[in-house]
Protein chains: 2
Amino acid sequence: MSSQIDFSSWTCPLPLRDYPNIVLGHGGGGKLSAELVENLFLPAFRNPAIESLGDSAVLRVPPGRLAFSTDSYVVRPLFFPGGSIGDLAINGTVNDIAMSGAQPLYLSVAFIIEEGLPMATLGQIVDRMRIAANSAGVQIVTGDTKVVERGHCDGCFINTAGFGIIPEGREVGPALAKPGDAVIVSGTVGDHGMAVMSVREGLEFETIIQSDSAALNSLVEAIFTASNDIHVLRDPTRGGLASSLNEIAAQSKVGIALIEDQIPVKPDVQSACELLGMDPIYVANEGKLVAIVSHSSADSVLATMRRHPLGIDAAIIGTVISERPGLLSAKTKIGGTHVIPMQIGEQLPRIC
Amino acid sequence: MSSQIDFSSWTCPLPLRDYPNIVLGHGGGGKLSAELVENLFLPAFRNPAIESLGDSAVLRVPPGRLAFSTDSYVVRPLFFPGGSIGDLAINGTVNDIAMSGAQPLYLSVAFIIEEGLPMATLGQIVDRMRIAANSAGVQIVTGDTKVVERGHCDGCFINTAGFGIIPEGREVGPALAKPGDAVIVSGTVGDHGMAVMSVREGLEFETIIQSDSAALNSLVEAIFTASNDIHVLRDPTRGGLASSLNEIAAQSKVGIALIEDQIPVKPDVQSACELLGMDPIYVANEGKLVAIVSHSSADSVLATMRRHPLGIDAAIIGTVISERPGLLSAKTKIGGTHVIPMQIGEQLPRIC
């Protein structure tokens, strides 16, 4: 993903040029709504299911267990280094589906737009969604657009929902971690949250911190070629690594013991966190996963991750234990143990 | 649906009482988010899939074609005579799925909430969703909550997505209307839009105009027991009957000729429309459907509709013709014909 946002790459289709900004009628279900669908959404997302323009998309789905997920995206600003609300909206829901061991297939996209949003901004967001969906290998098959009056929204909110099929034999879930399992993270933590915060707070470092926004479904497929003893997969988004591992410890009724200095953190992210008084393990990621796997398959899963472009910084960061069920803990450098609690509220509002 | 909103029927669960209003942390993915899920959403929507609390719901789905749909709801005010944003969010997506001939099964629910929304208001919305989902026979299996700062949203926006299975042998779609087909509407038009507008504009009539918000899946099932020659089903929401029929005429490349005085309209809705300078055929419905069926099955479909509680006012309102393809027209009382165009923009903002 490039750090430069190429605002010139999108040009407004002819029939939309009479409206340089979104007006209430674009969400009214009449002619303006139809023009938006026909000239913006259809060309970007083109596939047979979306083109039927029915009240719902009709899809033939292979038999099996289906993983179904949804998320809304309210990130501020809409574009940030390494990504945009459009990338997040695709990758975030693709990742939630993939974390059930499923192969994501189809997404819905629903926009809530503030009256006055430049048409070009919406066009750039849609273009990012197109690229992200192509890259993840999923199809956008149905959607909705609502427009609310100026001051009653914040530029643009996006919801995506979607589903995929779980191949036979895969059994992953947050309650399946077992004592002895290894805890592996696929790369550096805190990148996304600090990329957004650096822009919002005007922080400057030697390099620009980039969001890690990425679709993790190909990494999940790679992991399953290495082992079928994958017990838990989770993408540590809001609340970061610490919150995800706390939830897994609680649901699996096990303890999780981290080796804190094994957790990969980029130096700039570390500096940004120190400046803002934050701990990177509580900061949101958008292109990382945690895999909890049997002890015997840990090395082969780790090696497989490291060969994948999204897993080159993967590391084993801890162990599942039977002691202290429900608690996440870490060994300190001088040999003591401290508990890492779930965060109470919101450290970084509007991060995704 | 009762016209009185029983605000006393919902009491805040104990652990949520420390927060009489929604704070940013309720959308932060930490402890407050978890409390909201555990004490509000889970008790309301309880089912095995949602209780696993994974990143996605894992579901066993019967084989067949799947209908997948999404809508966001931004209606203002949140509660109105005959319904609420909660009812709309369930019934609207159930209806979109049912209009493909599918039997709706599972929904996702995603909230975008403005900081400061009273917890009791959210509780009442969730309670309405619970009742509507039970009544429609669908399960809410996955969800998401985001909170945005005061002034950056408008109380509460809701997105639902969902899917159902289309039984073998049903072939309905907006491009399948054929010359000779009958156009049937399941009841009075314009009720929902005028119920909301009457509250917003402070209009008073002899009775309070009630929204028709309802789940239409049981009516669809009834129709298919009467005939399999159902070509098009559509719920005329935003843009009303006129916009839906215009879209069908365009997609099916046929003309549609209405007999205007056959279209059922409640007297109060007619009065409200006249007062506001609107035509009820452009006003949103949330519990009505249009069925376009073969000429030979029109009478049995009509009779079946009229025996169903949601179809007692059903009427045959027109015919599909080969002339004037793409156009919706109506016979005037003095025997002339006029074209009913698609509306351009937004007649009634924030109606759903």
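As the structure is a computational prediction, the values presented were derived from the model and not from experiment.

**Considering the packing of helix α1 (residues 31–45) of chain B against helix α4 (residues 119–136) of chain B**
All names here are of chain B. In the contact formed by α1 and α4, the axes pass within 9 Å of each other and the chain directions differ by 15°. As judged from the angle between their axes, α1 and α4 are roughly parallel. Both α1 and α4 take part in a crossing whose hand is right-handed. Contact with α1, carried on its side by Leu 40, Phe 41, Ala 44 and Phe 45, involves Gly 123, Val 126, Asp 127 and Arg 130 of α4 and no other residues of that element. In terms of residue class, the contact of α1 with α4 is made up of five nonpolar, one polar and two charged.

**Thoughts on the sheet that holds strand β14 (residues 337–339) of chain B**
All names here are of chain B. With mixed pairing, seven strands are arranged side by side in an open sheet as β9-β11-β8-β12-β10-β13-β14. With one partner strand each, in any of the chains shown, β9 (230–234) and β14 form the two edges of the open sheet. Between one strand axis and the next, the sheet turns through 25° on average, direction left out of account. Across four bridges, strand β8 (residues 182–185) lies against strand β12 (residues 315–321) in antiparallel orientation. In the sheet register, Val 185 faces β12, and the bridge partner there is Ala 315.

**Remarks on the relation of the copies chain A and chain B**
Under the fitted operation, chain A is carried onto chain B by 0.0 Å of movement along the axis and a turn of 180°, and the coordinates agree to an RMSD of 0.0 Å. Taken together, the rotation angle and the small translation identify this as a two-fold axis. The C-alpha atom lying nearest the rotation axis in chain A is that of A:Cys153; the distance is 2.1 Å. Taken together, the interface assignments show that 99% of the residues at the interface of chain A recur at the interface of chain B, consistent with an identical surface on both copies.

**Focus: the environment of B:Ser108**
Position of B:Ser108 among the secondary structure elements: in strand β5 (residues 103–114). Linking B:Ser108 and B:Pro48, residues 60 residues apart in sequence, is a C-alpha distance of 14 Å. Setting aside residues no more than four positions away along its own chain, B:Ser108 makes contact with A:Phe68, A:Thr70, A:Ala161, B:Val141, B:Thr142, B:Gly143, B:Thr160, B:Ala161 and B:Gly162.

**A short note on the sheet that holds strand β9 (residues 230–234) of chain A**
Residues and elements named next belong to chain A. In space, the seven strands of this open sheet follow the order β9-β11-β8-β12-β10-β13-β14, with mixed pairing throughout. The open sheet is flanked by β9 and β14 (337–339), the only strands paired with a single partner. In this sheet, neighbouring strand axes are inclined to one another by 25° on average, regardless of whether the strands run parallel or antiparallel. Bridge analysis of strand β10 (residues 255–259) against strand β12 (residues 315–321) gives four bridges, and the strand direction is antiparallel. By the bridge assignment, Gly 255 is partnered in β12 with Ile 321. Packing of helix α9 (residues 298–307) onto the sheet brings it into contact with β8 (182–185), β11 (290–293) and β12, and relative to β8 it is tilted by some 5°.

**Observations regarding the nonpolar core**
Of all hydrophobic cores here, the largest spans 226 residues; its most connected members are A:Ile184 and B:Ile184. The residues touching A:Ile184, leaving out its near neighbours within four places in the chain, are A:Ala291, A:Val293, A:Ala298, A:Val301, A:Leu302, A:Met305, A:Ala314 and A:Ile316.

Cut-offs and rules
Residues numbered from 1 in each chain as written. Chains lettered and ligands numbered in written order. Predicted model: local features only at pLDDT ≥ 70, side-chain atom pairs only at ≥ 80, totals over all residues. Axes fitted to C-alpha atoms, helices over the stretch in contact; angles between N-to-C directions. Helix = DSSP H or I, 4+ residues; strand = E, 2+ residues; numbered from the N terminus. Parallel < 35°, antiparallel > 145°, perpendicular 65-115°, else oblique. Left-handed = near helix turned anticlockwise from the far one by under 90°. Contact = placed C-beta atoms within 7 Å. Nonpolar A, V, L, I, M, F, W, Y, C, P; charged D, E, K, R; others polar. Pairing = 2+ DSSP bridges. Least-squares fit on C-alpha atoms with pLDDT ≥ 70 in both. Core = buried A, V, L, I, M, F, W, Y, C linked by C-beta atoms within 7 Å. Buried ≥ 20, exposed ≤ 12 C-beta atoms within 10 Å, placed from the backbone.

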